[in-house]
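The lines below spell out each chain.
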Amino acid sequence: MRWNATLQCALIACCLFVLLLSPNSASALTIYTVDEPPGNYISTSGELVGISVDMVKELQRRVGDTSRLVIMPEKRTLEEAAWRDDLLFFSFSRTDERENAFQWLMPLYRKAWNFYVLKAFSRDSYTLDTLRGMRIGAKIGDVREDFLRNNGFRKVESVTSHASNIRKLELGRIDAMVYDSVGMAFDCKQLGLSFANYRAVYEIGYSDVYVLFSRAVDENLVAQWRKAGKEMMSDGTYEKIALKWAKLLSEQYGIPSTMENGLLIFN
């Protein structure tokens, strides 16, 4: 009997050890995102929702992960990604500067970057040189803030949210802001403002928004999540989630989008 009890204890200990090492363990990952609708945002009921949130939850379901999704400032997320070996984060743009710093899992959608001004006070035309002489609003830690500072913009005024920049634009405290159409339309409605009052005057380019891992995350774990991502794209689940949100955003916010080569594109 004593031998059986000892054997049982040993088996239980081994099982616990395996569970702790398993990539499916609930504590295996820390998952961060940012507050940037409609990819990820807190609803009026206090729930974290959004197109990116739905995509990541589907990935979690497929790999058996139960980690909690946590909203964190962009700057802090990127700082922690430089040293953590357990971090998955999402709704971050893939750029040349970031390419080798992280392990990229799957794209979520594409969005264009634009300078926005109040339509009532806009000029006939704008160039980058014109805009460099203006007060430009950006969000702290946002990839577009980096673009401005790396391209000769000396009057960048950074705040903690894009919504704050919209308010500053309304009050004449900045001359323009850099954002994307999908976020601009969403935030305007949340603030009770008309998106039609703003004009996109210069397109910088676009970026694909991704789910990604910090560089130090175990490659076997990354491979497991990448497999789940590829299956989502190939079995129609990605498109189903994308089209659900495209319909909602078009009906409620007037945000146009298309599906091109299997990826949701916000125009």
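Residues numbered from 1 in each chain as written. Predicted model: local features only at pLDDT ≥ 70, side-chain atom pairs only at ≥ 80, totals over all residues. Heavy atoms only, no water.

S.K.: Would you explain the overall build of the protein chain in this entry?
M.R.: Along the protein chain, the regular secondary structure elements total nine helices and twelve strands. Per-residue burial over the protein chain gives 49% buried out of 267 residues. On the protein chain, roughly 13,600 Å² of surface is accessible, and the fraction owed to carbon and sulfur atoms is 52%. (Helix = DSSP H or I, 4+ residues; strand = E, 2+ residues; numbered from the N terminus. Buried < 20%, exposed > 50% of the residue type's maximum accessible area, 1.4 Å probe, protein only. Areas by Shrake-Rupley, 256 points an atom, 1.4 Å probe, with all protein chains shown as cover.)

S.K.: Help me understand the packing of helix 6 (residues 162-170) against helix 7 (residues 181-191), please; the structure alone is not making it clear to me.
M.R.: Between two packed helices, what matters for the description is the angle formed by their axes and the separation of those axes. For the pair helix 6 and helix 7, the least separation of the axes is 10 Å and the interaxial angle reads 70°. If you check the angle between helix 6 and helix 7, you find them roughly perpendicular. Where helix 6 crosses over helix 7, the handedness of that crossing is right-handed. Residues His162, Ala163, Ile166 and Arg167 of helix 6 form the contact with helix 7, whose own contacting residues are Met184, Asp187, Cys188 and Leu191. Partitioning the contact of helix 6 with helix 7 into residue classes produces five nonpolar, one polar and two charged. (Axes fitted to C-alpha atoms, helices over the stretch in contact; angles between N-to-C directions. Parallel < 35°, antiparallel > 145°, perpendicular 65-115°, else oblique. Left-handed = near helix turned anticlockwise from the far one by under 90°. Contact = heavy atoms within 4.5 Å. Nonpolar A, V, L, I, M, F, W, Y, C, P; charged D, E, K, R; others polar.)

S.K.: I keep staring at the nonpolar core and nothing clicks. Help me out?
M.R.: Generally speaking, a soluble globular protein has its nonpolar side chains buried in company with each other. Ranked by internal contacts, the top residues of the largest apolar core, which has 42 residues, are Leu88, Phe90, Val211 and Trp225. With seven residues, the single largest contributor to this core is helix 9 (residues 237-253). Once residues lying within four places of it in the same chain are set aside, the contact partners of Leu88 are Leu29, Thr30, Ile31, Tyr32, Leu105, Val211, Leu212, Phe213 and Trp225. Phe115, Phe147, Val156 and Val201 belong to the second-largest nonpolar core, a separate cluster that totals 16 residues. (Core = buried A, V, L, I, M, F, W, Y, C linked by side-chain atoms within 4.5 Å.)

S.K.: How should the pairing of strand 6 (residues 102-118) be read in this particular structure?
M.R.: Consecutive side chains along a regular strand alternate between the two faces of the sheet. Most of strand 6 is tucked away, with 16 of its 17 residues classed as buried. In this sheet, strand 10 (residues 198-214) lies alongside strand 6 in antiparallel orientation, the contact comprising 15 bridges. Bridging across to strand 10, Leu118 finds its partner in Tyr198. Inspection of the sheet shows strand 6 paired to strand 12 (residues 263-266) by two bridges, in the parallel sense. Within the sheet, the bridge partner assigned to Lys111 lies in strand 12 and is Phe266. Note: strand 6 against strand 9 (residues 176-179), three bridges, orientation antiparallel. Paired with Asn114 across the strands is Tyr179, a residue of strand 9. (Pairing = 2+ DSSP bridges.)

S.K.: Even after reading the chapter, I still don't get the pattern of salt bridges, so can you show me in this structure?
M.R.: As a working rule, side chains carrying opposite charge can pair if their charged atoms are close by. For the coordinates displayed, the defined rule picks out 22 salt bridges. As a salt-bridge pair, Glu99 and Arg94 come within 2.6 Å of each other at their nearest N and O atoms. Using a relative accessible area of 28% as the deciding quantity, one classes Glu99 as partly exposed. When the shortest N-O distance is used, the salt bridge between Arg144 and Asp142 registers 2.7 Å. The same class applies to Arg144 as to Asp142, namely buried. Residues joined by salt bridges that share partners form a network here, namely Glu36, Glu74, Lys111, Lys139, Asp142, Arg144 and Asp180. (Salt bridge = Lys/Arg side-chain N within 4 Å of Asp/Glu carboxyl O.)

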